[in-house]
Amino acid sequence: MGVSNCSIILPPTQQVPLPKEYGVTKPLSLAGPMEADIQRTKELEKFLVSAGLYESAEEAAKREGVLCQLKQIVKDWVKDLTRLRGYNDQMVEDANAVILTFGSYRLGVHGPGADIDTLCVGPSYVNREDDFFFVLHNILVEREEVTELQPVADAHVPVMKFKFDGISIDFLYASISLLVVPDDLDISSESVLCNVDEPTVRSLNGCRVADKILKDVPNIEFFRITLRCLKFWAKQRGVYSNVTGFLGGVNWALLVARVCQLYPNAVPSMLVSRFFRVYTQWRWPNPVMLCQIEDKEFGFSIWDPRKNPWDRTHQMPIITPAYPCMNSSYNVSASTLRVMTEQFEFGNNICQEIDLNKARWTALFEQYPFFENYKNYLQVDIVAADADDLLVWRGWVESRLRQLTLMIERDTFGKLQCHPYPHEYVDPSKQCVHRAFFMGLQRRPGELVQEGQQFDIRGTVDEFRHQVNMYMYWKPGMEMFVSHVRRKQIPSYVLSDGYKRNQTPRLMSGQLGEKPVSGIFRSRSEERGGLERKRELEGAEESQQSLDKQPSISPPRRESPSPELIVGQKSGMLLQQRFSIVSGGKRKSEEISNNVTNDKMQFAIPDKDVYSEQRKSRRAQCAKSADGCVYQSSGVTSLVEAGTSGDPAHELLRLCHDGYAAGSTGCNSLCSSQDDLYRAESKSLLNNPKAARGVLTSPDSIGSESVQKSSTRLSVTSTA
C-alpha cells in the first residue's frame, strides 16, 4: 500500500511551539527554573525589599501628582505662546504639549528619592532656546513648589534640573514637526524624527530606548527585578556612574536586557547569576546589542567602527536599540573597564557560592572597600562661596574627572592605573561649602620597573586644572585642590562608622616641611629668559609666605619621605602642583632633598585674571563642547555567537572574533578579527603619545588643543 504526500501530525499535547527569539543571536539556554531557583528568587526579592529599594505607596502617589501638575503647567505654557504668536482661537484651544518619562521611572525600577527623567514634547513653533529655557524657566521660578532650578542649556542633552515639591526632576524638551501634538503621540514612531536637529534627537532617544528595551525582553517583571538588583549591586561596588567613566542606568538596563534575551525562561535569581557569568567571559570590545543596527534615511549618525575610526577606540560598547543607534557607554576608559571586570569576577564568584548554598545574597552586596585596596590616592577638593555656586561648580568638576583618568592613562602609556570612586564626601568640620572626590592609583600589574622609577604626571594635573578653570560660568570662590594622600592618611570623615585608626597629623598642604630650593629650577623650556624665571621664583616665594598664613581645604597629612602635592593660593595667584609617590615607601628624606629637581619646588602660573580672559575668548567653544562629544558612526551590526558546553546548568559563552555581521547596510561579508582591529587601534594610541593626545582633542576635552604642558611635570614614582 503506497502512501504519497504523507505527513506526520503530532497530537496536540505533543506539539512544541517555536519560542520567540529575542536579540541578535539564539538563546544560550531555554531551561526554566528548578525548585531551588524559585526559592532563591524569593529570598532575593525579600532582600531587595528589606534594603529599602521599593518606594512606598504614598511616595508613588506623590510622584503621579507632581507629573500631573507639570503636565498642566506645560499645557498652559504652550497655549499662552500660541496666543502670543497670533494663532486663531481654534489653534489656541488645540495647542498641546505632552509629558513623557524615561529612565528608571519609565522602566519601573526607580527607588525612594530617585529623580524622574521627564521629556516635554511640544509643537514646531515652540523652540528650546527662547521658549523652554527662558519663558518656561521664568514660569517655574515663580512656582513656590519649584526649588534648586538649574538650567543646563549647553549640555550634550539640554536639560533643566529642579525639585518640584521635593521630587527631583530632569526636564528635557523636544520640538517636533507638528503644529498640534496629540495626547496619544507614538514616540516609538520614526516619524517624530522628521526635520529635527540632533539635540532634539538625543532628547527623544531616552524615551524611545526605554520603550524598545521593554519590548525586547521576554519577561518584563523578571527584567525589572533583575535590573533593580544589579543597579543596587553596582552602587555598592562603586561602578554606577556614567559621568565618572563607569556605567549609568541605561547601560545597566541594556546589559540586563541582553542576559534576559540569552536566558528567556530564567527567573531573577538565575538571571543575576548568569549576568556575572556572561560578562565575566565577554570579550570586550565586542558590542552588546539587543537588536540589529539599522541605518535609516534620516541621515543621523549611528555607531559604526567600520566607517568611524573614533568608534574603534571605544572600550566597552553598549549599543542603544532605537534609531539612531549609538554607544551609550563611550565614557568608559581602560581603567574603569578594568575595575568593572574585576567586580564582575567578584560577583560571579559569590553567585557560584550562592548556587551551591555556601553563601547568602547579603555577601553579593557588600560595599566595596575602596579605601583599603590602594596605597596611594588622589584627593580632589571642590570649594565654592555658597551652596548654589557649589551645586554647579561641583557638577562641572565631576564631569571633568573622567578626563583626568584619560590624561593619566595617556601620559603614562597605561602603566599608571586610576580608579575614580563615584562617591562624594563632606568634611563636617569645615565651615566652607565643599565636596571631596578620591581616585585610587596603582602601577599596572606585571609592569617591570626599577626601584624609584617615576611616572611624571605634574604636567598632566596642570593640564587638567587648566581645563577645569576654563569653566565659562566661573565665579570668585570656585576653587579646586588636588592632593596626594596615602592609605594611612585618608581623612576620617570618608571612613565608615566604627572604623578606627591611629593617625598622627600630617603637614598641611600650605605648611612645608622644608624650604624650597632657591636655585634655578630646570625644566623642558630651558629657552625661557632669566628674567621670567626670576619672576616665577619671586612669585613662588611671595605665595609661600601667604601659604603659611592660610590653611588648606585638604585634610592634615602625616609627614612622609615622599614629596607631597603642594597646592597653595594667594590673592590673584595660583601655585602649580607637585606630586610624587615613592616605590616601596622607604626612600630616605635625604635622597629627596638632594634631588636637583626638588619635587616641593613651587612656581607661579598665570593668575585668575589671565584665566578669566582665556575663558572669555573660548566661551563659544566651551558652550558647544562642555558636556561631551558626539561619536559619529554608521550602520553596523555585530554577531555574537554563543553555545553551550553540554551542561545546561553551566553553559559557557563563546563570543566570536570574526567581526561584524551583515545589517541593513547591505554588507554581507564579515570583517575578520574584530578584537585585533580594536586592540591594534588602542595599542597604536598608547605607543604614539602624539596620537594618544588626539583622543582628548574631542569636544569633550575643552580647550585641550590649546593647552600647553607646563615646563615642569608632576612626578609619581611607581608603587606596587
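As recorded in an unreviewed UniProt entry, the chain goes by Poly(A) polymerase and comes from Solanum stoloniferum. UniProt's Function (unreviewed entry) comment on the chain is quoted here verbatim: "Polymerase that creates the 3'-poly(A) tail of mRNA's." Under the Subcellular location (unreviewed entry) heading, UniProt states for the chain: "Nucleus".

### Examining the overall build of the chain
Along its length, the chain carries 19 helices and 14 strands. Taking all 720 residues of the chain together, 54% fall into the buried category. Within the chain, counting contacts between residues at least 6 apart in sequence, those at least 24 apart form 75% of the total.

### Things to note about unusual backbone geometry
Excluding glycine, most residues fall at negative phi; most peptide bonds, likewise, are trans. Each neighbour pair has its own omega, and for W284 with P285 the value is 10°, a cis peptide bond. For P285, the position within the fold is in the loop between α9 (268-281) and α10 (334-355). Cis geometry is found at the peptide bond from Y323 to P324, where omega equals -5°. We note that D165 has phi near 55°; this positive angle belongs to a residue other than glycine. Within the fold, D165 resides in the loop between β4 (159-164) and β5 (167-175). With a phi close to 55°, F413 is a non-glycine residue in the positive phi region. Assignment of secondary structure puts F413 in the loop between α12 (387-411) and β7 (416-425).

### Section: the sheet that holds strand β8 (residues 433-443)
Strand pairing within a sheet occurs via backbone hydrogen bonds; the two strands may be parallel or antiparallel. In space, the 4 strands of this open sheet follow the order β7-β8-β6-β10, with antiparallel pairing throughout. Sheet topology places β7 and β10 (479-486) at the edges, where each strand pairs with a single neighbour. With strand direction ignored, the average angle separating the axes of adjacent strands in the sheet is 20°. For β7 and β8, the ladder comprises 7 bridges, and the chain directions are antiparallel.

### Considering helix α7 (residues 220-236)
Taking 1.5 Å of rise per residue, the 17 residues of α7 would be expected to cover 24 Å, and the 24 Å separating its terminal C-alpha atoms lies within 8% of that figure. Within α7, burial applies to F223, I225, T226, L227, R228, C229, L230, K231, F232, W233 and A234. Between a side-chain oxygen at the N-terminus of α7 and the backbone nitrogen of E221 the separation is 3.1 Å; the capping residue is N219. Phi turns positive, to about 75°, at G238, one or two residues after α7.

### Describing the pattern of salt bridges
Taken as a whole and assessed by the stated rule, the structure comprises 22 salt bridges. The closest approach of N and O atoms between D131 and R85, which form a salt bridge, is 2.8 Å. On the criterion of sequence distance, the pair formed by D131 in helix α5 (residues 128-141) and R85 in the loop between α2 (57-84) and α3 (89-94) is long-range, its members being 46 residues apart. In this structure, E424 and R435 form a salt bridge, with 3.3 Å as the shortest nitrogen-oxygen distance. Pair noted here: E424 is in strand β7 and R435 is in strand β8, with a separation of 11 residues, a long-range link. Accessibility expressed as a relative area gives 36% for E424, which makes it partly exposed. Relative accessible area serves as the criterion here: at 23%, R435 is assigned to the partly exposed category. It is possible to trace a salt-bridge network through shared partners that takes in R394, E398, E424 and R435.

### A few points about α12
Counted at 1.5 Å a residue, the expected span for α12 with its 25 residues is 36 Å, and the 35 Å between its end C-alpha atoms agrees. Counting buried positions along α12 yields 20 of 25 residues, so the element is predominantly enclosed. Taking the backbone nitrogen of D388 as reference, a side-chain oxygen 3.2 Å away marks D386 as the first, capping residue of α12. F413 sits one or two positions beyond α12 and adopts a positive phi of about 55°.

### Topic: the UniProt feature "binding site: Mg(2+) 2" (unreviewed entry) in the chain
Feature annotation in UniProt assigns "binding site: Mg(2+) 2" (unreviewed entry) to the following positions: D115, D117 and D170. The annotated residues occupy 56 residues of the chain but converge on a single region, no pair of C-alpha atoms lying more than 7.0 Å apart. Along the chain, the position of D115 falls in the loop between α4 (103-107) and β2 (116-122). Among residues more than four places away in sequence, those in contact with D115 are R63, S104, S168 and D170. Along the chain, D117 turns up in strand β2. Given a relative accessible area of 15%, D117 falls into the buried group.

### Looking at the packing of helix α1 (residues 35-50) against α9
At a minimum axis separation of 7 Å, α1 and α9 run at an interaxial angle of 90°. One finds that α1 runs roughly perpendicular with respect to α9. Residue-level inspection shows D37, R40, T41 and L44 of α1 in contact with α9, the latter providing P268, S269, M270 and V272. When grouped by side-chain class, the residues that make up the contact of α1 with α9 number 4 nonpolar, 2 polar and 2 charged.

### Section: the packing of aromatic side chains
Applying the stated criterion across every chain, the model contains 36 aromatic pairs. An angle of 50° between the planes, with centres 6.3 Å apart, marks the rings of F47 and F232 as tilted. Taken together, the residues span a long stretch of sequence, with F47 in helix α1 and F232 in helix α7 at a distance of 185 residues. A single burial state applies to F47 and to F232, both of which are buried. Their ring planes at 85° and their centres at 5.0 Å tell us that F132 and F133 sit as a pair that is edge-to-face. Just as F132 is buried, F133 falls in that class too. These aromatic residues form a ring-pair network of at least three members: W233, W252, F275, F276, Y279, W282, W284 and F344. Cation over ring: R228 sits above Y54, and NZ or CZ is 4.1 Å from the ring centre. Between R400 and the ring centre of W396, over which it is positioned, the NZ or CZ distance is 4.8 Å.

Thresholds applied
- Residues numbered from 1 in each chain as written.
- Predicted model: local features only at pLDDT ≥ 70, side-chain atom pairs only at ≥ 80, totals over all residues.
- Heavy atoms only, no water.
- UniProt positions renumbered as here; feature names shortened; annotations may be inferred.
- Helix = DSSP H or I, 4+ residues; strand = E, 2+ residues; numbered from the N terminus.
- Buried < 20%, exposed > 50% of the residue type's maximum accessible area, 1.4 Å probe, protein only.
- Contact = heavy atoms within 4.5 Å.
- Pairing = 2+ DSSP bridges.
- Axes fitted to C-alpha atoms, helices over the stretch in contact; angles between N-to-C directions.
- Expected span 1.5 Å × (residues − 1).
- Polar contact = N/O pair within 3.5 Å; in protein donor to acceptor, adjacent residues only side chain to side chain.
- Salt bridge = Lys/Arg side-chain N within 4 Å of Asp/Glu carboxyl O.
- Parallel < 35°, antiparallel > 145°, perpendicular 65-115°, else oblique.
- Nonpolar A, V, L, I, M, F, W, Y, C, P; charged D, E, K, R; others polar.
- Phe/Tyr/Trp six-rings, centres within 6.5 Å; stacked < 30°, edge-to-face > 60°.
- Lys NZ or Arg CZ within 6 Å of the ring centre and 35° of its normal.

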